[in-house]
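# Reading the structure
Here is what each chain is made of, one letter per residue.
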Amino acid sequence: MDNSPMTAPDPKIITGDFGYVLEDVPHLSDYIHDDLPTHPNPLQDNPAYSVVKQYFVNVDDTVAQKIVVHKDSPRGTHFRRAGPRQKVYFESDEVHACIVTCGGLCPGLNTVIREIVCGLHHMYGVTRVLGIEGGYRGFYARNTISLTPKVVNDIHKRGGTILGTSRGGHDTSKIVDSIQDRGINQVYIIGGDGTQKGASVIFEEIRRRGLKVAVAGIPKTIDNDIPVIDKSFGFDSAVEEAQRAIRAAHVESESVENGIGLVKLMGRHSGFIAMYATLASRDVDCCLIPESPFYLEGHGGLFEYIEHRLKENGHMVIVVAEGAGQEYLYENTRNLDHKQDASGNKQLQDVGFWLSQKIKDHCSKQQKMTINLKYIDPTYMIRAIPSNASDNVYCTLLAHSAIHGAMAGYTGFTVGPVNGRHAYIPFHRITERQNKVVITDRMWARCLSSTNQPSFFSPKQLLEKKAEEESGENHMEDLAIK
Ligand SMILES: Nc1ncnc2c1ncn2[C@@H]1O[C@H](COP(=O)(O)OP(=O)(O)O)[C@@H](O)[C@H]1O
Ligand SMILES: O=P(O)(O)OC[C@H]1O[C@](O)(COP(=O)(O)O)[C@@H](O)[C@@H]1O
Ligand SMILES: [Mg+2]
C-alpha cells in the first residue's frame, strides 16, 4: 500500500464571464485516468420518472450562492446543481453502498437512511446497501447490517438512528481499508461539521489510493451551524418541539406571582434554535444566544431587565441557548476549562442551572421580590424526536440528491439546498467555518424587537461588531472569488 502523505488537491474553480465562479466538486474521472465507462441512467425507463418533462438536469446547471445582486455586481460563486444526470458511472449491480451516521442525534436521521436505501433501490435498482453501526469506528470495530427497503420501511417514524452513532474513533486508514476490503464503492456519510471533516479526509485517502469509490456527505446538525446550505434537516422539527417547552414555561410562570420560566435549548456555538423558537412562540421575554454576549449586573444588564419585566408583567419567560454565557461558567471552574468530548468538541457546562442560581441569588440578596423560577431543560427530549412532515420531505430530497451525485460519479461533496436549489458543495466550503446568527442582521433585530429585551451592547460596541462582521463577510467573498 502506498503510504505517501495525503495532500488535498487544489479546489476545482472554474471561472466565466462577468465574475462567474463555479466552486466545483471532484469527480471520479479527475483521478482515475483509465476510461471510466458510462451507462444510460436507468431512471429513463422508470415508469414513475420517465414521464417527467426534463427530469435530468443539464450537466452545466449551477446554483448561485448570492441571489441579491445589483445591476453591475459580479455573478459570484456558484455550485454544481444536484440531480439526476443522463449518464451514470455505475451499473446497478456493480454498486455496493454503505451508510454511516456520526455525531449527535438529530430528528430525521432515520428518514435520510430510509430514503438512501429506497432511493438506490427504486430509482437505480441497487440491492446491496450496508449499514455501518455506531459511527466511524463501526467501519473497523463493529458488524454491518444489510439494509433493504423492507428493513427500513418504518424507520422514519422513529427518533434517533437505527445504525447508532458515536463521537471520536475516526481512524482514516482503518476506515478506508474496511471500505476497500468490503468492496464498497459508494459511501454515504450523514453527520455534522466534525463528520464532514472526517468525510473529507476519507475522500482524500480514497483518491490517493485511486479507488473508484464515491463519497457523499449529507449534512446533519440540529444546531443549524453548517454554512452555505439554507438550513439543516431536523432544525424545523427541533424548533417546533421547543414550543412545547416554552409553552410549559409560560403556563408555569404566569400561574404564580413573579414567575420566571427558564428554558434551555441546544446550540453549542449557534443560537438558531433559541432565536427561531423565540420568534415563533411570542411568549418569550428574553433570548440569550452564544453570538450575543450578555451581562447580569448593572444598568442595561439582565437582572435590571428581569426586575423591570416582573414589575410590569408579573411573569416572564427566558430562553437560553446552551452555548450562551459559557465565559462566565468557565471563569468559576478553571479546572474544567479544557474538557472535551471524544470528537474534541469543548464540553459545555449547564448555563441554565447556573443562570437559575444567579437569578435566585440576586433576587434573594436584594430582598426586592420573591420570585418563583422553574427551569426546564428539554434538550435531549427535543433531539430524540422523529422528524416532522416538512423535514421528512427535506430528508428525502437530500438523500435523492446524494444518490444522483454518487451515481453520476461525483465525489467528495456535501449536498444541500442553496437558495432553495439542491447543490453539490465541496467539503472545504462546509467545514471551513460555522454558520452563526449574525447579530447585526435583521433576523436578530426581529428577535430583539419581539422580546423587547436589552441588546446588551452599547451603540459603540454595535458599530464595532458590524464593522467586524462586514470585514469577515468580505474576506469570505474574497476567498470564494480567488
Ligand atoms: N477534524 C476531523 N477529522 C476527522 N474526523 C473528525 C474530525 N472532527 C470530527 N471527526 C469525527 O467525526 C465524527 C463526528 O464528529 P462530532 O464533532 O462528534 O459530531 P458532528 O459531526 O455532529 O459535528 C466523530 O467520529 C469524529 O471523530
Ligand atoms: O451530549 P452530546 O451527545 O455530546 O451532545 C451535545 C451536543 O450535541 C449537539 O446537539 C450538537 O451535536 P453535533 O455537533 O453532533 O451536531 C449540541 O447542541 C450539544 O451541545
Ligand atoms: Mg458538530
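Residues numbered from 1 in each chain as written. Chains lettered and ligands numbered in written order. Predicted model: local features only at pLDDT ≥ 70, side-chain atom pairs only at ≥ 80, totals over all residues.

### Considerations on the overall build of the protein chain
When you go through the protein chain residue by residue, the secondary structure sums to 16 helices and 17 strands. Taken over C-alpha atoms, the radius of gyration comes to 24 Å for the protein chain, in line with the 23 Å a tight globule of 482 residues would show. If one aligns the C-alpha atoms of the protein chain with their principal axes, the spans along those axes are about 80 × 55 × 50 Å. Residue burial in the protein chain is summarised as follows: out of 482 residues, 46% are buried. For the protein chain, restricting intrachain contacts to residue pairs at least 6 apart in sequence, the fraction spanning at least 24 positions comes to 77%. (Helix = DSSP H or I, 4+ residues; strand = E, 2+ residues; numbered from the N terminus. Rg over C-alpha atoms; globule rule 2.2 N^0.38 Å. Buried ≥ 20, exposed ≤ 12 C-beta atoms within 10 Å, placed from the backbone. Contact = placed C-beta atoms within 7 Å.)

### Description of the packing of helix α5 (residues 172-182) against helix α6 (residues 193-209)
Packing of α5 against α6 brings their axes to within 10 Å, and their N-to-C directions diverge by 60 degrees. One way to sum up the angle between α5 and α6 is to call them oblique. Crossing angle aside, the handedness with which α5 passes α6 is right-handed. Along the contact surface, α5 presents T172, S173, I175 and V176, while α6 presents V201, I202, E205, I206 and R209. (Axes fitted to C-alpha atoms, helices over the stretch in contact; angles between N-to-C directions. Parallel < 35°, antiparallel > 145°, perpendicular 65-115°, else oblique. Left-handed = near helix turned anticlockwise from the far one by under 90°.)

### A short note on the site of ligand 2
The local shell around ligand 2 holds 13 residues, among which G103, G104, G192, M266 and R268 are the closest. Each residue belonging to the shell around ligand 2 can be placed in one class, and the counts come to three nonpolar, five polar and five charged. Counting contributing residues per domain, the shell around ligand 2 is built from domain 1 (12-232 + 387-431) and domain 2 (235-384), each supplying no fewer than three. (Near = placed C-beta within 6 Å. Nonpolar A, V, L, I, M, F, W, Y, C, P; charged D, E, K, R; others polar. Domains from an automatic or database assignment.)

### A look at the environment of L28
Relative to the assigned elements, L28 resides in helix α1 (residues 28-31). C-beta crowding within 10 Å serves as the criterion here: with 23 such atoms nearby, L28 is assigned to the buried category. Residues L28 and V215 lie 187 residues apart in sequence; the distance between their C-alpha atoms is 9.9 Å. Those residues in contact with L28 that lie beyond four places of it in its chain are L36, Y89, K212, A214, G409 and T411.

### Quick word on the site of ligand 1
In the region of ligand 1, 19 residues are neighbours, and G103, G192, G194, G198 and S343 sit closest. The biggest single contributor to the shell around ligand 1 is α6, with six residues. Tallied by class, residues from the shell around ligand 1 come to three nonpolar, 13 polar and three charged.

### So, helix α13 (residues 389-407)
With 19 residues, α13 should reach 27 Å at 1.5 Å per residue; the first-to-last C-alpha distance of 27 Å fits that figure. Counting buried positions along α13 gives 15 out of 19 residues, so the element sits mostly inside the fold. Just downstream of α13 lies G409, where phi reads positive at about 90 degrees. (Expected span 1.5 Å × (residues − 1).)

### Let's talk about the domain arrangement of the protein chain
The domains assigned to the protein chain are domain 1 (12-232 + 387-431) and domain 2 (235-384). A separation of 37 Å is found between the C-alpha centroids of domain 1 and domain 2. Across the contact, 20 residues belong to domain 1 and 17 residues belong to domain 2. Looking at the side of domain 1 that touches domain 2, its residues break down into four nonpolar, eleven polar and five charged.

### Notes on the UniProt feature "binding site: substrate" (unreviewed entry) in the protein chain
Summarizing the sequence annotation, UniProt attributes the feature "binding site: substrate" (unreviewed entry) to T221, I222, D223, M266, G267, R268, E322, Y380, M381, I382 and R383 in the numbering used throughout. Taking the C-beta count within 10 Å as the criterion, M381 has 14 such neighbours and is therefore assigned partly exposed. Within the secondary structure, R383 sits in helix α12 (residues 379-383). Apart from residues no more than four positions distant in its own chain, R383 is found in contact with G104, L105, C106, I222 and M266. (UniProt positions renumbered as here; feature names shortened; annotations may be inferred.)

### Re helix α9 (residues 302-313)
Since one α-helical turn is 3.6 residues long, residues separated by three or four positions face the same way. Between its terminal C-alpha atoms α9 stretches 16 Å, which fits the 16 Å expected from twelve residues at 1.5 Å a residue. When α9 is considered as a whole, its buried residues turn out to be L302, Y305, I306, R309 and L310. Down the axis of α9, the buried set is contained in an arc of 130 degrees. They therefore lie on one face. With respect to the buried face of α9, the exposed residues turned more than 90 degrees away are K311 and E312. (Arc of directions from axis to C-beta.)

### With respect to the packing of helix α7 (residues 235-254) against helix α8 (residues 272-281)
In contact at an axis separation of 9 Å, α7 and α8 are set at 60 degrees when each is read in the N-to-C sense. It follows from the interaxial angle that α7 and α8 lie oblique. Seen along the crossing, α7 lies across α8 with a hand that is right-handed. Where α7 abuts α8, its residues F235, A238, V239, A242, Q243 and I246 lie against F272, I273, Y276, A277, A280 and S281. Class assignment for the residues of the contact of α7 with α8 results in ten nonpolar, two polar and no charged.

### A word on the nonpolar core
In a soluble, globular protein the nonpolar side chains are often hidden away together inside. Within the largest apolar cluster, 122 residues are counted, with the highest numbers of intra-cluster contacts made by I99, Y188, I273 and V319. It is helix α2 (residues 109-124) that contributes the most residues to this core, nine residues altogether. When residues are assigned to domains, this core turns out to be shared by domain 1 (12-232 + 387-431) and domain 2 (235-384), each giving three or more. Aside from chain neighbours lying at most four places away, what touches Y188 is A97, C98, I99, I116, A216, I218 and A402. (Core = buried A, V, L, I, M, F, W, Y, C linked by C-beta atoms within 7 Å.)

### Details of the UniProt feature "active site" (unreviewed entry) in the protein chain
Per the UniProt record, "active site" (unreviewed entry) is annotated on D223. Looking at where D223 falls in the secondary structure, it is placed in the loop between β11 (214-219) and α7. The residues contacting D223, other than those within four sequence positions of it, are M266, G267, R268, S270, F272 and I273.

### Some details on the sheet that holds strand β14 (residues 315-321)
Read from one edge of the open sheet, four strands run β13-β14-β12-β15, paired in parallel fashion. Whereas interior strands pair on both sides, the edge strands pair on one side only; in this sheet they are β13 (286-288) and β15 (372-376). Sheet twist, expressed as the average angle between the axes of neighbouring strands with direction ignored, equals 15 degrees. Looking at chain direction, strand β12 (residues 259-265) and β14 are connected through seven bridges and run parallel. Each residue of the ladder has a partner; that of K264, found in β14, is V320. Its contacts with the sheet place α8 against β12, β13 and β14, and it is angled at close to 150 degrees to β14. The strands that α9 touches are β13 and β14; relative to β14, the one it contacts most, it runs at about 145 degrees. (Pairing = 2+ DSSP bridges.)

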